[in-house]
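For reference, the chains in residue letters:
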Amino acid sequence: MISPLRIWVIASNTVREAIRSKLLYALLFFAILLIGTGVLVSALSYVERERIFQDVGLAAIRLFSVGIAIFLGVGLIHGEVDRRTIYTILSKPISRSEFLVGKYVGLVLTTWLQLAIMSVAFAAVSFATGAPIDLAHAAAIGLTGIEVMVIVAVATLFSAFTTPLLSSLFSVGIYMLGHLTRDLRQLGAQGDVEGFGTFTVVIHRVLPNLESFNLSLHAAHGLPISAAEIWLPVAYGIGYAAALLCVAAYVFERRDFR
Amino acid sequence: MPDDGREVVRVRGVVKDVRPGLGLRRKRILHGISLTVHRGEIFGFVGPNGAGKTTMLKVLMGLIRASSGRATVLGHDVGETEFRRQVGFLPENPYFYDYLTGREILRFYARLSGVRAAAMDKRVATLLDWVQLSDAADARLRTYSKGMLQRIGIAQALIHDPEVVFLDEPMSGLDPIGRKQIRDLILRLKRAGKTVFMNTHILSDVEMLCDRVAILVAGRIRFQGRLEDFLDGDERESDVVLSGLPADLASRFEERYGAELRGHGTRVELRVKEKEVADLLRAALEAGAEVQSVTAYRISLESIFMRAVESAEESS
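Let us look at the structure shown here. (Residues numbered from 1 in each chain as written. Chains lettered and ligands numbered in written order. Predicted model: local features only at pLDDT ≥ 70, side-chain atom pairs only at ≥ 80, totals over all residues. Heavy atoms only, no water.)

Counting its regular elements, chain B contains nine helices and 14 strands. Projecting the C-alpha coordinates of chain B onto the three principal axes gives extents of approximately 80 × 50 × 40 Å. The burial tally for chain B puts 50% of its 316 residues in the buried class. Long-range contacts, defined as pairs at least 24 residues apart, comprise 69% of the intrachain contacts of chain B with a sequence gap of at least 6. Side chains of chain B carry 48 positive and 45 negative charges; the gap between the two charge centres is 8 Å. (Helix = DSSP H or I, 4+ residues; strand = E, 2+ residues; numbered from the N terminus. Buried < 20%, exposed > 50% of the residue type's maximum accessible area, 1.4 Å probe, protein only. Contact = heavy atoms within 4.5 Å. Lys, Arg positive; Asp, Glu negative; His and termini not counted. Charge placed at Lys NZ, Arg CZ, Asp CG, Glu CD.)

So this is what it looks like as structure tokens:
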């Protein structure tokens, strides 16, 4: 029987660990610095200064959110096993799956908290420079939050059975491919190399389609966003992350902690 | 289910094979371990380093899976989760979240163990007092010494008032004061009716604390039982100290009784089988010797332990 309370105990402690980590504050400082740098970059241009600033700002938010998610995610489970803190935890009435989900939820909440802080900085700088802020920006940042959910799930899956170094390589690789699957599929459909088309279809189906979470262009250019462009990626992201967590839990339940 | 409720830990034919590295060859760590621990006793699981003690304990804690055989704790398969409300565990050289304070880590484990919020603060304070860490309760664990970490480890194992406590090398690396504090805590548990399963290679602790022991050597149990039953009557020995014994007679005694002769001159000490003491005394008195003392010799656990290791080496 899965206990939400036990999951919450692990999740809240994971957030507390992040809050007490100095390294995270340093990362957050650089993220906010990069958002601010957008103002300087835009000052170099005579046209569309607000758009350039917001392009840089939203890109910085996405980059740092995903970077922090991978950075923390790859050691999420491995660190507990390596430092042997997991021994005393699993001797309590908590299942391995509850522990894994708790760690995942904790890291997602941590990255969302950072995302919120970066968003406030972005909004403050936009307000100060007179750049327009509307719901499209909120939607773009919201979908970044969903993308981070997926990336944390990818990192958690690898962290459940391999080292942080390999997890980093796999997670970064999936992140990069995840942004290219749509293009790859189009390339495969146009090309005439035998088997390549099928390969790109499989890649597109199996790997996360991370471009579906990217509304930065809409936000920066003031393009209209339909409801389906929001709720479909949200449903897809939650479903994809849940599926990855099921696989991670399956692997983790069978591990020996020697 | 445990027989008549007395069996707290029941292990039958547990085998653990591992594959070191990427090779296909398997290495057997545990060779068909069977043991039973009864309610209310302190059970010592004794063996040299690398014997497989920690592996067995991890099987009991569900941290690794046995390749075959069955292990139950309080009648539950060790793979289950909920029964761990009644189980406490202190791993060897325990590691904790060092960004938390002593009080915070105990609250964390209490919440995981399902301790009710209303009772939590009192329970945490009680445990901090038991392990004498009340003064350091609000310091981060990264500032704790090894002995303090060991004590906070004991406290987390007991935070939910478990029925049975598993301790892996609880005294390792501690100074004499730290060892005494842990020993006192273990005895306190016994007085409270708890069952303690303790892995150790420190034999003096076993002799002082344990009601029963199992000796594990190279993944096999070489002996299991009460300390006083280690030797049957035939093997009990006594030290006899004599004076004024003629030198030739001392040598004859040594030969005749298979005695171990120590000392020289007019005062000699002989270690003989208990059943032969009367015979030896009679002969010594007839030869004009004087009996200084007769002391029952209790063979040390260390001797038995070494004997078990040697017999394992011979058989391999």
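Resuming the write-up.
When helices and strands are tallied, chain A shows twelve helices and zero strands. Listed by position from the N terminus, the elements making up chain A come as α-α-α-α-α-α-α-α-α-α-α-α. Here chain A has a C-alpha radius of gyration of 20 Å; the compact-globule value for 258 residues is 18 Å, and the two agree. Taking all 258 residues of chain A together, 50% fall into the buried category. Of all intrachain contacts in chain A linking residues separated by at least 6 positions in sequence, the fraction that spans at least 24 positions is 80%. When the accessible surface of chain A is split by element, carbon and sulfur atoms take 73% of a total near 12,000 Å². Averaging the locations of the 18 positively and 16 negatively charged side chains of chain A gives two centres separated by 13 Å. (Rg over C-alpha atoms; globule rule 2.2 N^0.38 Å. Areas by Shrake-Rupley, 256 points an atom, 1.4 Å probe, with all protein chains shown as cover.)

Moving on, we come to the side chain of Gln54 of chain A. All names here are of chain A. Inspection of the secondary structure assignment puts Gln54 in helix α3 (residues 49-73). Overall, Gln54 belongs to the buried group, its relative accessible area being 1%. Of the polar contacts made by the side chain of Gln54, one reaches the side chain of His137; its length is 2.7 Å. Dropping the residues within four chain positions of it, Gln54 is found in contact with Phe122, Ser126, Ala131, Pro132, Ile133, His137 and Ala220. (Polar contact = N/O pair within 3.5 Å; in protein donor to acceptor, adjacent residues only side chain to side chain.)

One frequent convention defines the size of an interface as the accessible area lost when the parts assemble. Counting residues at the interface gives 34 residues for chain B and 31 residues for chain A. Here chain B meets chain A over a buried area of about 3,100 Å², counting both sides, of which 53% is carbon and sulfur. Our count for the contact surface shared by chain B and chain A stands at four salt bridges. Glu104 of chain B serves as the salt-bridge partner of Arg16 of chain A, at 4.0 Å between the closest nitrogen and oxygen. Mapped onto the side of chain B that touches chain A, the elements with two or more residues apiece are β1 (7-18), β6 (87-90), α2 (102-112) and α4 (146-158) of chain B. Ranked by the residues each element gives to the side of chain B that touches chain A, the list is headed by α2 of chain B, at five residues. Here the residues of the side of chain B that touches chain A are counted per class, giving 17 nonpolar, six polar and eleven charged. (Buried area = accessible area lost by both parts, 1.4 Å probe. Salt bridge = Lys/Arg side-chain N within 4 Å of Asp/Glu carboxyl O. Nonpolar A, V, L, I, M, F, W, Y, C, P; charged D, E, K, R; others polar.)

We now examine the pairing of strand β9 (residues 212-217) of chain B. Residues and elements named next belong to chain B. Counting buried positions along β9 gives six out of six residues, so the element sits mostly inside the fold. Burial of the side chains of β9 extends over both faces: Arg212, Ala214 and Leu216 are buried on one face and Val213, Ile215 and Val217 on the other. As judged from the four bridges shared by strand β3 (residues 42-46) and β9, these two strands associate in the parallel manner. Its bridge partner being in β9, Phe43 is matched across the sheet by Arg212. (Pairing = 2+ DSSP bridges.)

With that out of the way, let us pick up the environment of Met171 of chain B. All names here are of chain B. Examined against the element boundaries, Met171 turns out to sit in the loop between β7 (164-168) and α5 (176-191). Along the primary structure Met171 and Asn93 are separated by 78 residues, whereas in three dimensions their C-alpha atoms are 9.6 Å apart. Not counting the four nearest positions on each side in its chain, Met171 is found in contact with Gln150, Arg179, Ile182, Arg183, Ile186, Ile202, Asp205 and Leu209.

Geometry only, nothing functional implied.
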